[in-house]
There are 2 protein chains.
Amino acid sequence: MTPTATATDEFVAALREQSRRYHDQHPFSRRMNEGELGREQIRCWVANRFAYQAAIPRKDAAILANCPDRQVRRRWIRRIHDHDGTADGEGGIEAWLRLGEAVGLDREELEDQRHVVPGVRFAVDAYVTFARTRPWVEAVASSLTEVFAPDLMAERLAAFERHYTWIDPQGLAYFRARLTQAPRDSAHALEVVTEHCRTPETQAAALAALSFKCDVLWSMLDAIDRACADRR
Amino acid sequence: MTPTATATDEFVAALREQSRRYHDQHPFSRRMNEGELGREQIRCWVANRFAYQAAIPRKDAAILANCPDRQVRRRWIRRIHDHDGTADGEGGIEAWLRLGEAVGLDREELEDQRHVVPGVRFAVDAYVTFARTRPWVEAVASSLTEVFAPDLMAERLAAFERHYTWIDPQGLAYFRARLTQAPRDSAHALEVVTEHCRTPETQAAALAALSFKCDVLWSMLDAIDRACADRR
């Protein structure tokens, strides 16, 4: 049974509704955007968040590994290139390392993840495991937090340029790149999810996947908030 | 303890030694290259082998998903592009579909894998599962059958052009592409394996992985031989 256009609209609206659980609402995120964090707290966040950045290509490769649709794979693979880059000095992981340098962390202490706290590690691992073990369409649905990302990125970029002037603006290239990558990526993911989830059961599974992903991001900030709070 | 150059040479020699277990020695492969197969047998082989071709990008994505080394990922990802292509009409899977058309099989009957026999399916699944579940360096080692592939491809190409003149030579583009891709890929894989396997234990694991892969290919031909024998 093909769902009506209305049913699809309602599904998309329910997905978008998850934005109220997105981590831009987290107290740590709010304090960051209001300019209330000290240098050590920013460093602590950058170092911990690196664990997530470093895991993204493996998460996306796990989705590729489970996806039998060649056309979806051909588009999804761009995400891996975006993060890994095609040569030294390129890609989102490299851009995050440069953000780290801009806030006063050297590459080695980011890459060996010595500052990453267990709560962050567990949340990141949960996300990669989800992509490995759940049906690939659910893993795609879990990426839909990217629908909400451009607003957060724009707000964060403005907040950093305004409140954290001690950070070289060149170090913020990662956020700028995501302003254009995230809408492209989320449009594709939304296309895949609405095409493949046409029953109440599959739509509920997609919503649960997105809710899970909101939990991953929120839980990371809980752990970061706890770990970084006394670093003022 | 860093192994001596001799120890590395011995390891590489032991890997190359596995060529005696490569499927070019299989009776079905020999009969193919001697021009003894009928049209239905060639079709049966092409249709069954498609299950393997279609699974290769998922196998390679599983290796990416397990590999923490960004530089290795950047090189390994080319394999996925080689097989999936970057647009419609490109890539190794497409080239195999054209081989299918050249031998008289339509795309649909290849893609839905209706002709694939259980023994082939199980062997292909075993290979993908190996890449998903074993340490990534072992999965890389299992790809080293590509060291032996160019000789087989060259021989097969010559045999097809000589014995199976009813097949449009344009349909053989897959084999021609592999003549250059396989040496490039196997050189990279060999570099990774010799760099990461520097103890007797890890070298034994790499040898076992390559031996397993020889079993996969051999077992596929066993199943194909059984299924296709009476299609003369």
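As the structure is a prediction and not an experimental result, all values here were calculated from the model.

> What exactly am I supposed to notice about the relation of the copies chain A and chain B here?
The second copy of the chain is related to the first by a rotation about an axis and a shift along the axis. Each copy superposes on the other: chain A lies on chain B with an RMSD of 0.0 Å after a rotation of 180 degrees and an axial shift of 0.0 Å. Here the two chains are linked by the operation of a two-fold rotation axis. Nearest to the rotation axis, the C-alpha of A:A61 is located 2.5 Å from it, this being the minimum over chain A. A high fraction, 100%, of the interface residues of chain A reappear at the interface in chain B, so the copies pair face to face through one surface.

> Help me out: how do you make sense of the packing of aromatic side chains in this one?
Given two aromatic rings, their pairing is described by the distance between the two centres and the angle made by the two planes. Under the definition given, this model contains 22 aromatic pairs over all chains. One aromatic cluster is present, built from ring pairs that chain together A:W45, A:W96, A:F160, A:Y164, A:Y174 and A:F175. Here the basic side chain of B:R79 rests over the ring of B:W76, its NZ or CZ set 3.7 Å away from the ring centre.

> Would you mind going over the UniProt feature "domain: Thiaminase-2/PQQC" (unreviewed entry) in chain A with me for this structure?
As annotated by UniProt and renumbered to match this structure, "domain: Thiaminase-2/PQQC" (unreviewed entry) occupies residues 14–222 of chain A. Helix and strand shares over residues 14–222 of chain A are 75% and 0% respectively, and the end C-alpha atoms of the span are 25 Å apart.

> Teacher, can you tell me more about the pattern of salt bridges here?
Opposite charge on two side chains allows them to pair when their charged atoms are near. Residue and element names in this part refer to chain A. With the rule as written, the count across this model stands at 41 salt bridges over all chains. Between E101 and R107 there is a salt bridge, with its nearest N and O atoms 3.5 Å apart. Within the structure, one salt-bridge network assembled from shared partners comprises R79, D82, E146, R178, R184 and D185.

> Honestly, the nonpolar core in this entry has me stumped. Any pointers?
In summary, soluble globular proteins display a tendency toward joint burial of nonpolar side chains. In this structure, A:W45 and B:W45 are the most contacted members of the largest nonpolar core, which totals 159 residues. The residues touching B:W45, leaving out its near neighbours within four places in the chain, are B:F28, B:M32, B:W96, B:R156, B:F160, B:F175, B:L221, B:I224 and B:C228.

> It is not clear to me how helix 4 (residues 70–84) of chain A should be interpreted in this structure. Could you clarify?
Note on helix geometry: an α-helix contains 3.6 residues per turn, so any two residues three or four positions apart are oriented the same way. Residues and elements named next belong to chain A. End to end, helix 4 covers 21 Å across 15 residues, agreeing with the expected 21 Å (1.5 Å per residue, within 8%). In terms of residue burial, helix 4 counts as a mostly covered element, since 11 of its 15 residues are buried. Those residues of helix 4 lying buried are R70, V72, R73, R74, W76, I77, R79, I80, D82, H83 and D84. Looking at the residues trailing helix 4, positive phi occurs at G85, about 75 degrees.

> Could you clarify how one ought to interpret the interface of chain A and chain B in this entry?
When the parts of a complex come together, some accessible area is lost, and that lost area is often taken as the interface size. Listed per partner, the contact involves 28 residues of chain A and 29 residues of chain B. Carbon and sulfur atoms supply 46% of the area that chain A and chain B bury against each other, a total of about 2100 Å² over both sides. Linking chain A with chain B are 6 salt bridges, by the criterion used here. Elements represented by at least two residues in the side of chain A that touches chain B include exactly helix 3 (39–66), helix 4 and helix 5 (92–103) of chain A. Here the residues of the side of chain A that touches chain B sort into 13 nonpolar, 5 polar and 10 charged.

> Before we go on, may I ask you to explain helix 7 (residues 118–133) of chain A in this structure?
All names here are of chain A. With 16 residues, helix 7 extends 22 Å from end C-alpha to end C-alpha; this agrees with the ideal 22 Å at 1.5 Å per step. What helix 7 keeps buried is the set V120, A123, V124, Y127, V128, F130 and A131. The buried residues of helix 7 occupy an angular sector of 155 degrees when the element is viewed end-on, so they sit on one face. For helix 7, the exposed residues set more than 90 degrees away from the buried face come down to F122 and T133. The inward-facing, buried residues of helix 7 abut helix 3, helix 8 (136–142) and helix 11 (200–228).

> What exactly am I supposed to notice about the environment of A:D60 here?
Residues and elements named next belong to chain A. Mapped onto the fold, D60 is located in helix 3. In this structure the C-alpha to C-alpha distance between D60 and P183, which are 123 residues apart in sequence, comes to 17 Å. When neighbours within four sequence positions are excluded, D60 is seen to be in contact with W76, R79 and I80. A distance of 2.7 Å separates a polar atom in the side chain of D60 from a polar atom in the side chain of K59.

> How should I be thinking about the state of the cysteines in this particular structure?
What we call a disulfide is simply a covalent bond connecting the sulfur atoms of a pair of cysteines. Inspection of the entire model under this criterion finds 2 disulfides over all chains. A sulfur-sulfur separation of 1.9 Å characterises the disulfide bridge that pairs A:C44 with A:C228. Taking the sign of the S-S torsion, -70 degrees for the link of A:C44 and A:C228, the bridge is left-handed. With a gap of 184 residues between them, A:C44 in helix 3 and A:C228 in helix 11 connect regions that are remote in the sequence. Overall, A:C228 belongs to the buried group, its relative accessible area being 0%. There is no disulfide at A:C214, and the cysteine sulfur nearest it, in A:C197, is 16 Å away. Summary of cysteine pairing: B:C67 is not part of a disulfide, and the nearest cysteine sulfur, belonging to B:C197, is at 13 Å. By relative accessible area, B:C67 is classed as buried at 1%.

> Where do I start with the side chain of B:S29 in this structure?
Residue and element names in this part refer to chain B. Considering the arrangement of structural elements, one finds S29 in helix 2 (residues 27–33). Accessibility expressed as a relative area gives 3% for S29, which makes it buried. Other than its neighbours up to four places away in sequence, S29 contacts H23, D24, L152 and L221.

> Is there a simple way to think about the environment of A:G100 in this case?
Residue and element names in this part refer to chain A. Its location among the elements puts G100 in helix 5. Considering only alpha carbons, one finds G100 and H115, 15 residues apart in sequence, at a separation of 12 Å. Discounting residues that sit within four places of it in the chain, G100 has contacts with V46, L105 and L110.

> What is the right way to read the packing of helix 3 (residues 39–66) of chain B against helix 4 (residues 70–84) of chain B from this model?
Two quantities define a packed helix pair, namely the angle between the axes and the distance from one axis to the other. Residue and element names in this part refer to chain B. Remark: helix 3 packs on helix 4, axes separated minimally by 9 Å, with the N-to-C direction vectors making an angle of 165 degrees. Taken together, the axis directions place helix 3 and helix 4 in an arrangement best described as roughly antiparallel. For the element pair helix 3 and helix 4, the recorded crossing hand is left-handed. Counted together, Q53, I56, P57, K59, D60, A61, I63 and L64 of helix 3 and R73, W76, I77, R79, I80, H83 and D84 of helix 4 form the full contact between these two elements. Of the residues that constitute the contact of helix 3 with helix 4, the class distribution is 8 nonpolar, 2 polar and 5 charged.

What counts and what doesn't
Residues numbered from 1 in each chain as written. Chains lettered and ligands numbered in written order. Predicted model: local features only at pLDDT ≥ 70, side-chain atom pairs only at ≥ 80, totals over all residues. Heavy atoms only, no water. Least-squares fit on C-alpha atoms with pLDDT ≥ 70 in both. Contact = heavy atoms within 4.5 Å. Phe/Tyr/Trp six-rings, centres within 6.5 Å; stacked < 30°, edge-to-face > 60°. Lys NZ or Arg CZ within 6 Å of the ring centre and 35° of its normal. UniProt positions renumbered as here; feature names shortened; annotations may be inferred. Helix = DSSP H or I, 4+ residues; strand = E, 2+ residues; numbered from the N terminus. Salt bridge = Lys/Arg side-chain N within 4 Å of Asp/Glu carboxyl O. Core = buried A, V, L, I, M, F, W, Y, C linked by side-chain atoms within 4.5 Å. Buried < 20%, exposed > 50% of the residue type's maximum accessible area, 1.4 Å probe, protein only. Expected span 1.5 Å × (residues − 1). Buried area = accessible area lost by both parts, 1.4 Å probe. Nonpolar A, V, L, I, M, F, W, Y, C, P; charged D, E, K, R; others polar. Arc of directions from axis to C-beta. Polar contact = N/O pair within 3.5 Å; in protein donor to acceptor, adjacent residues only side chain to side chain. Disulfide = S-S within 2.5 Å. Axes fitted to C-alpha atoms, helices over the stretch in contact; angles between N-to-C directions. Parallel < 35°, antiparallel > 145°, perpendicular 65-115°, else oblique. Left-handed = near helix turned anticlockwise from the far one by under 90°.

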